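Structural features, examined
In case you want the letters, here they are:
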There are 2 protein chains.
Amino acid sequence: MPIPVSQRVTVAVDAMGGDSAPAAEVEGALLAAEEFGAKILLVGREDAVRSELGKHFPARAQIEIVHAEDVVTMDDNPATALRSKKDTSIRAAAQQVIDGRAVGMVSAGNTGAVMATALQVMGRIPGVYRPAVAQIFPTSQGGQTLVLDVGANVDCTPSMLLQFAMMGDVYARVLFGCERPRVGLLSIGEEEQKGNELTREATPLLKGDSVRFIGNVEGRDLFSGEADVIVCDGFVGNVALKVSEGLVSTIKTILIESLEATVMRQIGYGLAKGAFEEFKKRVDYEEYGGAPMLGVRGGVIICHGRSTRQAIKNAIRVAIDFETGGINRQIQESLEHGLGRN
Amino acid sequence: MPIPVSQRVTVAVDAMGGDSAPAAEVEGALLAAEEFGAKILLVGREDAVRSELGKHFPARAQIEIVHAEDVVTMDDNPATALRSKKDTSIRAAAQQVIDGRAVGMVSAGNTGAVMATALQVMGRIPGVYRPAVAQIFPTSQGGQTLVLDVGANVDCTPSMLLQFAMMGDVYARVLFGCERPRVGLLSIGEEEQKGNELTREATPLLKGDSVRFIGNVEGRDLFSGEADVIVCDGFVGNVALKVSEGLVSTIKTILIESLEATVMRQIGYGLAKGAFEEFKKRVDYEEYGGAPMLGVRGGVIICHGRSTRQAIKNAIRVAIDFETGGINRQIQESLEHGLGRN
């Protein structure tokens, strides 16, 4: 069902980002314009984007192309790309946000380059040590858990984990509508003394009154619904995310192989097809909307390189909600408030 | 099909360990005695074990009970249990190994307590800095990847990761029968400069000639078959393992919910049931045999607390293969050799 959103909400989409760019990006943008009434700036090589747009029913006025000459590939080193490629679609999209022409940006491109460029162009929210990428994981009860950081920062300090908790707390309150999100610390056992140096040192900070800290949680709790927000350093979070993605994809392969092994099973598979589609929707990261990068001065939604048009559409929705939820203003307030208390 | 193994091979099983002890342990032991011709020492409270054994067809001579008074529960703090409980089934099982009455031990009990007790009773192989727990992950091509450490050590040093690689190399050669296992370093990107301080410092060590190092791998490669052995610190490895377990269990829940939602799907599910059983066998950790703790002077096979009798039986098989494969002798040789070269 179309959800009405103010027509004035504009989102910049990096049209050259993902593995199937610009097709998925253009189609996702068209879906989002239609469904959310949002205006979309498709940022990238004008010829490529225009040709892709031409394949579709005359686009509405809500789609606009913003030309950017350079493209960052998945194989580019983020730091090198940041220095050597001046007019990238990522940078131009970030610039749209910082210039106030869009409320946020969406990119399925080279994650490292998106993070580095967004941080360089937009800067941090005052008081933020380091931005963090927050990923939603589905729980077995049909709920969701927000995990951060899933890749922006390796080698974190305890204070960074506390800030991740505070930023995650703000985002979860808006995202899940819960008043006091339960915040867990990802470790290898529930007991406080379990964990590594970082988690043991972060525990007393998290126990302060900044967030509703429920203690250590384990890897399995990413899906158990025990916590609304789980904090970890970006190395561990990224491994956890990639393990999940890899396992979902492996399970799909194994299951389909088994389901197609006999005629009887093929018939059964056919009858139960709807169940697999539901399943895919709930656990497949390619179907998901993007993960916001919290702590930068603008909405930055990072999508999986293999994002489908559905995923791009959902990520645009995340960018809109990020703005209308006033996430960044609240993060700034929470940090100012928290700093006063700690 | 029964696989003949020398009758003299004896394995000690902690009968009081897992969540459904001693039932799963006793049944697993009976299956192993039958299938592998092994002798099993069931270690634990004699009355409980004898009563469980009594439920089964008169046991063969290959089953023997070794009494131990104390039981470590899942809630016990490992360090406290080590100090305060003197005659635990874990300690008695380890003692059987070190006294030469069993070639290895199997326990589905409190993992921390098993690791601490085995290390205390058996000691390390000369030259080993720290033992590591090695877990097998199924790959999408039907192969397997060995991941270590999955929980014995947090806060590792680069030299520890090198040793994990060397121990994993030995084990994979025997386990998978490959001559030169491909060893990957778990990180958050394939490029060498990606990762945290630990992985960046471990890279030059791994690049030496001790193992066939293929560089950084990512979380998804636990299932991709890119590497035969993947090394990581015990914190990251344990998170990866628990994420996998949690996700498999979540996926089962979600899938079954979806499959039972309509009558048509239920019929389909019924027809395709064999596929789900195959699937469960390949990805379900409760069905798996145990994970060996490499680097201690004796075979120690750690099982999941929720191990079924099938898992216990498979773990006994792992203990037998560990001994007949001469793993510990080869680890010692590899380390002596490696130390000479580095």
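What counts and how
Residues take numbers from 1 onward in each chain, read along the sequence in its written order. Here chains are named by letter from A upward and ligands by number from 1 upward, in the order in which they appear as written. Thresholds applied to this predicted model are a pLDDT of at least 70 for local features of residues and 80 or more for the giving and counting of side-chain atom pairs; totals over whole chains, interfaces and linings are not thresholded and use all residues. Heavy atoms throughout the structure, all of them, feed into the side-chain values; hydrogens and water do not. By salt bridge we mean one thing: a side-chain nitrogen of Lys or Arg within 4 Å of a carboxyl oxygen of Asp or Glu. Only runs of H or I of at least four residues qualify as helices and only runs of E of at least two qualify as strands under DSSP, and these elements are numbered from the N terminus. Pairing between strands is defined by DSSP: at least two bridges between the two strands are required. Axis definition: a line fitted to C-alpha atoms, limited for helices to the stretch in contact. Angles are taken between N-to-C directions and run from 0 to 180 degrees. Relative accessibility thresholds used throughout: buried, under 20% of the residue-type maximum; exposed, over 50%; partly exposed, between the two (1.4 Å probe, protein chains only). Seen with its strands pointing away from the viewer, a crossover is right-handed when the path leading from the first strand over the helix to the second is clockwise. We superpose the copies by least squares over the C-alpha atoms of residues that have a pLDDT of at least 70 in both of them. Orientation is classified from the angle alone, with under 35 degrees giving roughly parallel, over 145 giving roughly antiparallel, 65 to 115 giving roughly perpendicular, and any other angle giving oblique. The handedness criterion is simple: a crossing whose near helix is rotated anticlockwise from the far helix by less than a right angle is left-handed, and one whose near helix is rotated clockwise is right-handed. Residue contacts follow a heavy-atom distance rule, with two residues in contact if any of their heavy atoms lie within 4.5 Å. What counts as buried area is the accessible surface, traced by a 1.4 Å probe, that two parts surrender upon association, with contributions from both included. Pairs of N or O atoms within 3.5 Å make up the polar contacts considered here, provided that, within protein, one atom can donate a hydrogen while the other can accept it, and that residues adjacent in sequence are counted only when both atoms are side-chain atoms. Each residue gets one label: Ala, Val, Leu, Ile, Met, Phe, Trp, Tyr, Cys and Pro are nonpolar, Asp, Glu, Lys and Arg are charged, and the others, such as Gly, are polar. For our purposes a nonpolar core is just a set of buried Ala, Val, Leu, Ile, Met, Phe, Trp, Tyr and Cys residues, chained together by side-chain atoms within 4.5 Å.

**Side note on the pattern of salt bridges**
Close approach of charged atoms allows side chains of opposite charge to pair. Summed over all chains, the structure comprises 30 salt bridges over all chains. Measuring nitrogen to oxygen at the nearest pair gives 3.6 Å for the salt bridge that ties aspartate 155 of chain A to arginine 200 of chain B. Taken together, the residues span two chains, with aspartate 155 of chain A in the loop between β6 (144–148) and α6 (158–176) and arginine 200 of chain B in helix α7 (residues 197–206).

**Digging into the sheet that holds strand β4 (residues 104–107) of chain B**
Residues and elements named next belong to chain B. One open sheet accounts for eleven strands, arranged β3-β2-β1-β4-β11-β10-β5-β6-β9-β7-β8; its pairing is mixed. Both outer strands of the open sheet, β3 (63–67) and β8 (212–217), are each paired with one neighbouring strand and no more. When the angles between neighbouring strand axes are averaged without regard to direction, this sheet yields 25°. Relative to strand β10 (residues 291–294), strand β5 (residues 132–138) is paired through two bridges, and the arrangement is antiparallel. Looking at β10, one finds that alanine 132 is bridged to leucine 294.

**Structural notes on the pairing of strand β2 (residues 39–44) of chain A**
Residues and elements named next belong to chain A. The buried fraction of β2 is high, at five of six residues. The pairing of strand β1 (residues 10–14) with β2 spans five bridges and is parallel. Its bridge partner lying in β2, alanine 12 is registered against leucine 41. Remark: the β1/helix α1 (residues 23–36)/β2 crossover connection has right-handed handedness.

**Side note on the pairing of β10 of chain B**
A regular strand carries its side chains on alternate faces of the sheet. Residues and elements named next belong to chain B. Burial along β10 is two-sided: Ala291 and Met293 facing one way and Pro292 and Leu294 facing the other are all buried. In this sheet, strand β11 (residues 299–302) lies alongside β10 in antiparallel orientation, the contact comprising two bridges. By the bridge assignment, proline 292 is partnered in β11 with isoleucine 301. Here β10 folds back onto β11 in antiparallel fashion, the turn holding four residues, of which glycine 295 has a positive phi close to 110°.

**Looking at the relation of the copies chain B and chain A**
Overlaying chain B on chain A yields an RMSD of 0.0 Å, the required transformation being a rotation through 180° with an accompanying axial translation of 0.0 Å. Expressed as a symmetry operation, the mapping of one chain copy onto the other fits a two-fold axis. The rotation axis passes nearest to the C-alpha of glycine 268 of chain B in chain B, at a distance of 1.8 Å.

**Comments concerning the packing of α1 of chain A against helix α11 (residues 309–324) of chain A**
All names here are of chain A. Remark: α1 packs on α11, axes separated minimally by 7 Å, with the N-to-C direction vectors making an angle of 50°. Overall, the two elements α1 and α11 adopt an arrangement that is oblique. The chirality of how α1 crosses α11 is right-handed. Taking contact as the criterion, the partners of Ala24, Glu25, Glu27, Gly28, Ala29, Leu31, Ala32, Glu35 and Phe36 in α1 are, on α11, Arg309, Gln310, Ile312, Lys313, Ile316, Arg317 and Ile320.

**Some remarks on the interface of chain B and chain A**
Listed by partner, the interface residues are 53 residues for chain B and 54 residues for chain A. Summed over both sides, the interface between chain B and chain A buries roughly 5000 Å², with carbon and sulfur atoms accounting for 70% of that surface. The tally of links from chain B across to chain A stands at six salt bridges. Counting the contacts that link chain B with chain A gives eight residue pairs in polar contact (both at pLDDT 80 or more). Secondary-structure elements contributing two or more residues to the side of chain B that touches chain A are α7, α8 (234–259), α9 (263–271) and α10 (273–283) of chain B. For the side of chain B that touches chain A, the element with the highest residue contribution is α8 of chain B, accounting for 20 residues. Of the residues contributing to the side of chain B that touches chain A, the split by class is 25 nonpolar, 17 polar and eleven charged.

**A word on helix α4 (residues 89–98) of chain A**
Residue and element names in this part refer to chain A. In terms of burial, α4 is a largely internal element, eight of the ten residues being buried. If you check which residues of α4 are buried, you get Ser89, Ile90, Arg91, Ala92, Ala93, Ala94, Gln96 and Val97. Positive phi shows up at glycine 100, right after α4, with a value of about 80°.

**Let's talk about the nonpolar core**
Formed by 108 residues in total, the largest nonpolar core has its most connected members in Met105 of chain A together with Met105 of chain B. In contact with methionine 105 of chain B, not counting residues within four places along its chain, are Ala12, Ile90, Ala93, Ala94, Val97, Val114, Met122, Gly299, Val300 and Ile301 of chain B. Ranked by size, the runner-up nonpolar core spans 62 residues in total, among them Val26, Leu146, Val183 and Leu294 of chain A.

**Digging into the environment of valine 72 of chain B**
All names here are of chain B. Here valine 72 is to be found in the loop between β3 and α3 (78–84). Sequence separation between valine 72 and arginine 91 is 19 residues, and the spatial gap between their C-alpha atoms is 10.0 Å. When near neighbours in sequence (up to four residues on either side) are disregarded, valine 72 contacts Ala81, Lys85, Thr88, Ile90, Asn110 and Ala113.

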